[in-house]
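Listed below, chain by chain, are the residues.
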Amino acid sequence: MTDYSQNSSVPEPKKIIQLSDLTFTYKKADAPTLDIPSWSVEKNSTVFLYGPSGSGKSTLLNILGGLLVPQKGEVTILDTCINKMRGSKRDKFRAQHIGMIFQQFNLIPWLSVKENILAAQYFSGKSHINQDITETIYKLLEALNLSQTLIDKKTEELSIGQQQRVAIARALINQPEIIIADEPTSSLDTDARDNFMSLLFNVTESIGSTLIFVSHDKGLSSFFNKTVDLTSINKAAKLAKNLETAEANNAA
Ligand SMILES: Nc1ncnc2c1ncn2[C@@H]1O[C@H](COP(=O)(O)OP(=O)(O)OP(=O)(O)O)[C@@H](O)[C@H]1O
């Protein structure tokens, strides 16, 4: 009898990020901040990552972006183990494949909007490929509802909301496969926040990226197709949480 079970099985979704056996401890800290036996993210998913303050969310994002390197374990992004790379190679890998949006935007204040965005393209080593970069920047600004008249303005002369959009444009200029955002909405009011979220989702979808997003604002989780509590994957945070609860119970 023919066995059709293999043919009918649905293929495994492609993992774009895989962590295994990861431990990260800050210098001088006496315990690890992250201890993650295993975690993966599927391609094209949108992940809302939350957890208590100090549970290691920013640390994890910095590891995914290759800004921090774990002492132990493997960080595999797009089938490449990034924590074994040399620093300069990892920087280039990040510039080519990962767009990062930080709470503080990390724009260079004395450079113009265009120069800030071009800097990201320069670091990716792609600047020679795209001759028509100004046109691409204009399109991106338009998609982000940012007036084209701002393109030559210094970013320090922009409002917070405008700076945030420039930070998104900079994260997206290289059409990264992965977008990592760390509390990008924390300084926005509700209307600006919702506006920002729809823009981010529109552009993420249009370039087919995978999004990892950290926020304390649980109300945002409905935008995402996956919600992850960091304490459920990070044994170190779970341990810290249990100790806190035990201390609170003892004090009561
Ligand atoms: N550069 C650093 N050196 C030493 N310890 C650090 C450093 N950065 C963070 N930590 C510690 O690591 C732990 C996790 O910090 P992290 O910023 O990743 O948490 P978080 O979940 O993002 O917190 P929050 O929600 O408050 O932003 C905290 O105990 C913090 O004090």
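Residues numbered from 1 in each chain as written. Predicted model: local features only at pLDDT ≥ 70, side-chain atom pairs only at ≥ 80, totals over all residues. Heavy atoms only, no water.

## What about the confidence of the model for the chain?
Mean pLDDT over the chain: 86, with 89% of residues reaching 70 or higher. Per-residue pLDDT, averaged within each element of the chain, yields its smallest value for helix H1 (residues 5-8) (54) and its largest for strand S2 (residues 34-42) (97). (pLDDT = per-residue confidence, 0-100. Helix = DSSP H or I, 4+ residues; strand = E, 2+ residues; numbered from the N terminus.)

## With respect to the site of the ligand
The ligand sits among Tyr26, Thr33, Pro52, Ser53, Gly54, Ser55, Gly56, Lys57, Ser58, Thr59 and His216. One of the backbone N or O atoms of Gly54 is found 2.9 Å from an oxygen atom in the ligand. In the model, an oxygen atom of the ligand is placed 2.8 Å from a nitrogen or oxygen of the His216 side chain. Surface burial for the ligand is 54%, taken as the share of its 640 Å² of free accessible area covered by protein chains. A class-by-class count of the residues in the shell around the ligand yields two nonpolar, eight polar and one charged. (Near = heavy atom within 4 Å. Polar contact = N/O pair within 3.5 Å; in protein donor to acceptor, adjacent residues only side chain to side chain. Areas by Shrake-Rupley, 256 points an atom, 1.4 Å probe, with all protein chains shown as cover. Nonpolar A, V, L, I, M, F, W, Y, C, P; charged D, E, K, R; others polar.)

## Quick look at the sheet that holds strand S3 (residues 46-50)
Note on sheets: strands pair through backbone hydrogen bonds, and any given pair is parallel or antiparallel. Spatially, S6-S7-S8-S3-S9 is the arrangement adopted by the five strands of the open sheet, whose pairing is parallel. The open sheet has two edge strands with one neighbour each: strand S6 (98-101) and strand S9 (226-229). Sheet twist, expressed as the average angle between the axes of neighbouring strands with direction ignored, equals 15°. Bridge count between S3 and strand S8 (residues 210-214): four bridges; the pairing is parallel. Considered in S8, the bridge of Val47 is made with Ile212. (Pairing = 2+ DSSP bridges. Axes fitted to C-alpha atoms, helices over the stretch in contact; angles between N-to-C directions.)

## Here's the deal with the packing of helix H4 (residues 113-124) against helix H5 (residues 133-143)
Put simply, H4 and H5 touch, their axes get as near as 11 Å, and they point 110° apart. On the basis of the axis angle, H4 is roughly perpendicular to H5. The handedness of the crossing between H4 and H5 is right-handed. Residues Val113, Lys114, Ile117, Leu118 and Gln121 of H4 form the contact with H5, whose participating residues are Ile133, Thr134, Ile137 and Leu141. (Parallel < 35°, antiparallel > 145°, perpendicular 65-115°, else oblique. Left-handed = near helix turned anticlockwise from the far one by under 90°. Contact = heavy atoms within 4.5 Å.)

## Side note on the pattern of salt bridges
Evaluation of the coordinates by the stated rule reveals six salt bridges. With its nearest N and O atoms 3.1 Å apart, the salt bridge here joins Arg193 to Asp194. Between Arg193 and Asp217 there is a salt bridge, with the nearest N and O atoms lying 2.5 Å from each other. Residue Arg193 is located in helix H7 (residues 190-207), and its partner Asp217 is located in the loop between S8 and S9; the two are separated by 24 residues in the primary sequence. Accessibility expressed as a relative area gives 17% for Arg193, which makes it buried. Judged by its relative accessible area of 27%, Asp217 is partly exposed. (Salt bridge = Lys/Arg side-chain N within 4 Å of Asp/Glu carboxyl O. Buried < 20%, exposed > 50% of the residue type's maximum accessible area, 1.4 Å probe, protein only.)

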